[in-house]
Structures are given as C-alpha cells and as structure tokens.
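An overview of the molecular structure
In case you want the letters, here they are:
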Amino acid sequence: MRRDYKPVVRAEQSEQGVSLVIVLILLGAMALGSVAALRNTAGSLQLGRAWLMQTLAWEQAHAGLRHCEGQLLLPSALRDPRLADPALLWSSPEQPIWNTSAVWQSGAQTVAAVLPASMATSRSPICLVEKQILKNQPDGLPIHVITARGFSPDHRADASTGATTAGVALWLQSTVLIEEAQVRARSFKRILNPPLR
C-alpha cells in the first residue's frame, strides 16, 4: 500500500516568510519617509536662502539711502558731483523721475553708494535724488526724494534692460526735509512696484 507523502510545513517556516514580507514593507515605508524628509529639508534650505538674499538686498538698499542722505547733509561743494545742488533733478509729486526706467538704465543720474568692506557685495547699491516742492510746504523748502536700489550677492541683470534675471533687487525710498544741514522730517517706504523688476 502506497502512502501519499505530504511535506510537513512547520509553523516557524511560514512565520519567517510573513516576517520577511513585513520587514520589506517597513523598509519601503522608511525609505519613502526618508525621501519626504530630504525634500522638506531641501525646501527649507531654499526658503532660508531666499530669505537671506532678501535681507541682504534690504541692507544694501538701506545703506544706499543712508549714503545719499549723508551726502545731502554736506555742503554742496563737498558732495559727490551728481548730488551737488546744481546737479539735482527737479520733479513733481505727480511725475516723479525715479519711476522712469530709462533713468535707472542709463545710470547718468544715479550714484553708487560707498560702503565699508564688510558690507560690500559684487554690486554696490545705487540711489537717485530728486527735489520737489510740495503745496503748502512751510518756508518754501524743497523736499528730497531719495530712491535706492540694493542688490543681493547673487543678483544678475539683463545688460540691455537692467531688469533682474537672478537674485534680488530691493527698492527703498525716503523723503526728507533738510534745513540748516539737518534732517527735520523723514518718511520711509519700500517700493513694491518699481520701474525695473
């Protein structure tokens, strides 16, 4: 009489097979979690770098404003020639000169700010000063509208248009009333829609 032989499968062997499948699934899940964590880290690094470049451009633009304001407090003969009283441009509040892209592209009326070596980047901030007479201005004194453009270290611009192609160009503006070589009043703002992006 012949007996059918059936292999005996031990419970240990079947549990080892299931354990192997579970381990492989867990390893796959851990790998996907690691990829997601790396993507988040890369995104955080990019965000942090963008914030740093924005802050550096802000500092450069602010230094440009302070440079030009400081020049205006000097006697006219001691200033940068483009900031001497006879060279300053006159405009009206309705038609400011700073809002014309051609002025920034030519660079004829803009002044590069002189900065300490610790603040220097590949491109110095630039500023433009114009004078305006406001209606009902006390004593008929003109105000000075100072517009500055600061650049991040990674800033690149199109050679033909001057528009930013990489990095950050940040625009700040101050309006100052100067009397007897002192600033009597100042307002400050960031330009969100500049003539050059």
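Everything below is about the structure printed above this text.
Predicted model only: the values in this text are computed from it and were never measured.

1. Some thoughts on the packing of aromatic side chains
- Under the criterion given, the structure shown has two aromatic pairs.
- On the basis of an interplanar angle of 75° and a centroid distance of 6.1 Å, the ring pair of W58 and F188 is categorised as edge-to-face. Taken together, the positions of W58 in helix α1 (residues 11-72) and F188 in strand β8 (residues 182-190) put the pair 130 residues apart, joining distant regions of the chain.
- Judged by its relative accessible area of 38%, F188 falls in the partly exposed class.
- Lying across the ring of F151, R123 places its NZ or CZ 4.0 Å from the centre.

2. Points about the environment of S174
- Here S174 lies in strand β7 (residues 169-179).
- Given a relative accessible area of 0%, S174 falls into the buried group.
- Along the sequence, S174 and R186 sit 12 residues apart, while their C-alpha atoms lie 6.7 Å from each other.
- Discounting residues that sit within four places of it in the chain, S174 has contacts with L65, E69, H144, V145, I146, R186, S187 and F188.
- A distance of 2.8 Å separates polar atoms of two side chains, one belonging to S174 and the other to E69.

3. Side note on a nonpolar patch on the surface
- Taken together, the side chains of L20, V23, L24, L27 and M30 make up a nonpolar region of the molecular surface, amounting to roughly 510 Å² of accessible area.
- With respect to the helices, strands and loops of the structure, V23 is situated in helix α1.
- Overall, the relative accessible area of 43% leaves V23 in the partly exposed class.

4. Quick look at the environment of P142
- For P142, the location among the structural elements is in the loop between β3 (126-132) and β4 (143-151).
- With 12 residues separating them in the primary sequence, P142 and E130 have C-alpha atoms 9.7 Å apart.
- P142 has contacts with W90, K131, Q132, I133 and L177, leaving out every residue within four places of it along the chain.

Analysis parameters
Residues numbered from 1 in each chain as written. Predicted model: local features only at pLDDT ≥ 70, side-chain atom pairs only at ≥ 80, totals over all residues. Heavy atoms only, no water. Phe/Tyr/Trp six-rings, centres within 6.5 Å; stacked < 30°, edge-to-face > 60°. Helix = DSSP H or I, 4+ residues; strand = E, 2+ residues; numbered from the N terminus. Buried < 20%, exposed > 50% of the residue type's maximum accessible area, 1.4 Å probe, protein only. Lys NZ or Arg CZ within 6 Å of the ring centre and 35° of its normal. Contact = heavy atoms within 4.5 Å. Polar contact = N/O pair within 3.5 Å; in protein donor to acceptor, adjacent residues only side chain to side chain. Patch = residues over 30% accessible without salt bridge, like charges linked within 9 Å, V, L, I, M, F, W, Y side chains within 5 Å. Areas by Shrake-Rupley, 256 points an atom, 1.4 Å probe, with all protein chains shown as cover. Salt bridge = Lys/Arg side-chain N within 4 Å of Asp/Glu carboxyl O.

Remember, this is a structural readout, not a statement about activity or role.
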